[in-house]
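Read off the chains here:
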Amino acid sequence: MNLKLEMNSRDASTDEPNQRAGLSTGGKCSLWACGGCAFVLAVAIVISGVLAARWLAGNPETLSKLYGEQPTPQILIQPGGVVRMISDEWLPAGGAPVWSPDGERVAVSATPRVSVFGFLRQPPPMVVDPRRQEEAAARWLTEAVGPRVVIFDIAAGGERIAYQASAQRMGWPAEVAWFPDGRRLAVGVEHIPMNEEQQEMPPGLWVVDIEKNETRRLADNVRRPNISPDGRWIACRQPTGKEYETAVTVLDAEDGAQLYAHDRHSGNTLWDVGGDILYFFSYGTEEKARGWRKVQLPAGEVKTVEMKEVQVSRPSRITSAQELSVSCRGGGPQDKEEWTYRLRVRDFTQAHYYYLTPHLGTDFWPCGVCLGDRYVLIEASEALWAYRLADGKFYQVTDSASLDLGWLALDPSGTKVCLVGDLAEEDIFRIFTTGLSMPVMMLQLDEERILSQPACDEPVLPSSDDQEENR
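All values reported here derive from a predicted model rather than from experimental measurement. Along each chain, numbering runs from 1 in the same order as the chain's sequence is written. Thresholds applied to this predicted model are a pLDDT of at least 70 for local features of residues and 80 or more for the giving and counting of side-chain atom pairs; totals over whole chains, interfaces and linings are not thresholded and use all residues. In computing side-chain properties, one takes all heavy atoms of the structure into account and sets aside hydrogens as well as water.

## Side note on the overall build of the protein chain
Assigned secondary structure in the protein chain consists of eight helices and 30 strands. Taking all 471 residues of the protein chain together, the buried fraction comes to 41%. The contact criterion used is simple: two residues touch if any of their non-hydrogen atoms lie within 4.5 Å. Residue pairs in contact within the protein chain that sit at least 24 positions apart in sequence constitute 49% of those at least 6 positions apart. Each accessible area is a Shrake-Rupley estimate made with a 1.4 Å probe; only the visible protein chains count as cover when residues are assessed. As presented, the protein chain carries roughly 27000 Å² of accessible surface, and 51% of it is formed by carbon and sulfur atoms. Starting at the N terminus, helices and strands are each numbered in turn, a helix being any DSSP run of H or I of at least four residues and a strand any DSSP run of E of at least two. Categorising residues by exposure relies on relative accessible area from a 1.4 Å probe, with only protein chains included: less than 20% of the type maximum marks a residue as buried, more than 50% marks it as exposed, and the intermediate range marks it as partly exposed.

Here it is as structure tokens:
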């Protein structure tokens with residue numbers, strides 16, 4: 001609401017000299033008095049903060065006694081399986097977790113959680129020399145909240161740091177991809193200057209050798225690495241200079257040399273199982289320029305893929321080599337129909353696609369095939385569901401009332417799901433005592449428990465009103 005203050009011009013002109021006089025005498029004294037009090041208060045806060053930090057550093061058990069930290073539940077029973085806690089010490093912020101090829105490890109881009117009271121225990125260093133102060137602050141910032149790639153050993157337990165930013169320049173690991181050998185990682189890094197004097201750097205692609213603990217820069221100005229099944233090539237997206245536009249490029253995984261680059265806006269890369277053919281989608285306003293392409297490597301020969309719709313009976317299994325997607329229809333400005341969604345399967349080797357579901361009114365997203373390729377795991381209605389190919393029905397896997405989904409990824413065997421999310425009814429006060437984090441969890445799918453749930457035609461959770469009507 002906008003309020004307008006109206007004043008009488010004659011009264012204002014009469015009082016104006018007195019107001020100026022007040023500002024010139026008593027007003028100055030008041031300002032000086034307020035400024036002095038503020039300065040003294042600021043000094044007191046700094047001194048008390050330093051003293052409190054030193055005292056807390058020598059008495060680390062004090063906070064746990066005062067605030068009684070509650071342990072995070074290690075086991076969470078869900079409708080379609082059991083969730084086990086992997087770690088609650090990190091704040092993943094670089095995208096979905098990535099499984100290793102052997103399904104025993106998970107890589108996640110994350111920052112360590114930092115609480116308010118943890119900040120008091122380990123405050124930034126204070127150095128008299130301004131030149132050393134900047135360096136000391138940068139090192140503290142990198143160690144305290146610097147983003148890094150964390151590898152969790154799901155089979156044996158434990159964790160390790162695979163990539164970490166330096167004190168000279170903050171590098172945010174935005175995307176992570178495993179090489180087929182399970183020994184190396186491709187990490188896409190967004191560089192953030194530590195001060196105004198540093199120039200902005202384009203995103204870079206790094207290769208991390210986990211066994212040798214070596215890191216080397218492979219290429220510049222590329223994003224979203226997608227490594228071929230044989231480990232020879234890396235498909236990436238390269239900015240074209242236009243806003244939100246990228247072009248597909250293929251690099252040599254050893255020296256970063258560019259083998260192929262598309263000449264227009266493109267994305268959605270998918271490798272053939274042999275590793276020598278890359279499929280990608282080329283965008284464009286004209287119909288001829290828009291569509292799927294495939295490039296043969298290393299020659300770089302590009303061909304258009306004419307995808308045809310075929311009518312098939314419901315399959316009993318689908319493979320992970322086939323691409324799952326959602327087809328949307330309706331909802332346009334001139335379209336009075338509501339949005340509808342269908343689960344679609346693309347088979348690039350056969351150059352055709354088909355649908356697994358009829359038109360549904362619920363928005364959903366496929367996560368992959370699971371449980372012997374007989375189910376499709378999807379996310380809908382703030383929960384996970386298993387779509388059973390045998391009967392074309394949806395079965396609930398997780399409960400949104402107890403588990404808040406964030407990022408997730410299926411393991412290569414299709415039996416485990418790495419989840420990054422929050423537990424329901426989280427105590428907000430714990431953020432100040434234990435820190436802000438998003439637990440990394442592992443869901444073991446249980447087919448018997450999944451089929452014990454009622455079958456649904458759509459992945460929709462019943463509302464409280466519907467439950468009362470059913471009673």
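## Digging into unusual backbone geometry
Here the bond from leucine 297 into proline 298 is cis, since omega is 5°, no more than 30 degrees from zero. By the element assignment, proline 298 lies in the loop between β18 (291-296) and β19 (301-305). Of note, asparagine 221 is a non-glycine position whose phi angle comes to about 60°, a positive value. Here asparagine 221 is to be found in the loop between β11 (214-220) and β12 (223-227). The phi dihedral of tyrosine 244 is positive, around 65°, even though this residue is not glycine.

## Concerning the pattern of salt bridges
Salt bridge, as used here, is a side-chain nitrogen of Lys or Arg placed within 4 Å of a carboxyl oxygen of Asp or Glu. All told, the structure shown has 14 salt bridges when counted by the stated rule. Residue aspartate 220 is joined to arginine 217 by a salt bridge in which the shortest nitrogen-to-oxygen separation is 2.4 Å. Judged by relative accessible area, which is 42%, aspartate 220 ranks as partly exposed. Residue arginine 346 pairs with glutamate 323 through a salt bridge whose shortest N-O separation is 2.6 Å. Of this pair, arginine 346 sits in strand β22 (residues 340-347) while glutamate 323 sits in strand β21 (residues 323-329), placing them 23 residues apart in sequence. The residues arginine 346 and glutamate 323 share a single accessibility class, namely buried. Three or more residues joined by partner-sharing salt bridges are found here, namely Asp181, Arg183, Arg184, Asp209 and Glu254.

## A closer look at the packing of aromatic side chains
What counts as a ring pair is set by centres within 6.5 Å for rings of Phe, Tyr and Trp (its six-membered ring), and what kind of pair is set by the plane angle: stacked under 30 degrees, edge-to-face over 60, tilted for all other angles. Using the criterion set out here, one finds eight aromatic pairs in the structure. The interplanar angle of 90° and the centroid separation of 6.0 Å between the aromatic rings of tyrosine 353 and tyrosine 355 together place this pair among those described as edge-to-face. Taking the relative accessible area as the measure of exposure, tyrosine 353 reaches 18% and is therefore buried. Each residue in the set Tyr279, Phe281, Tyr283, Trp292 and Phe348 is aromatic and connected to the rest through ring pairs, giving one cluster. Charge-over-ring placement is defined geometrically: NZ (Lys) or CZ (Arg) within 6 Å of the ring centre, and within 35 degrees of the ring normal. One Lys or Arg, arginine 342, reaches over the ring of tyrosine 355 and ends 4.0 Å from the middle of that ring.

## Focus on the nonpolar core
It is characteristic of soluble globular proteins that their nonpolar side chains tend to be buried jointly. For our purposes a nonpolar core is just a set of buried Ala, Val, Leu, Ile, Met, Phe, Trp, Tyr and Cys residues, chained together by side-chain atoms within 4.5 Å. Leu384, Val397, Leu403, Val417, Leu419, Leu443 and Leu445 are the most contacted members of the largest nonpolar core, which totals 22 residues. The set of elements that each furnish at least two residues to this core consists of β2 (81-87), β25 (375-380), β26 (383-388), β28 (403-410), β29 (416-423) and β30 (440-445). Among the elements that make up this core, the one with the highest residue count is β28 (four residues). Residues Val326, Tyr341, Val376 and Ala383 belong to the second largest nonpolar core, which totals 19 residues.

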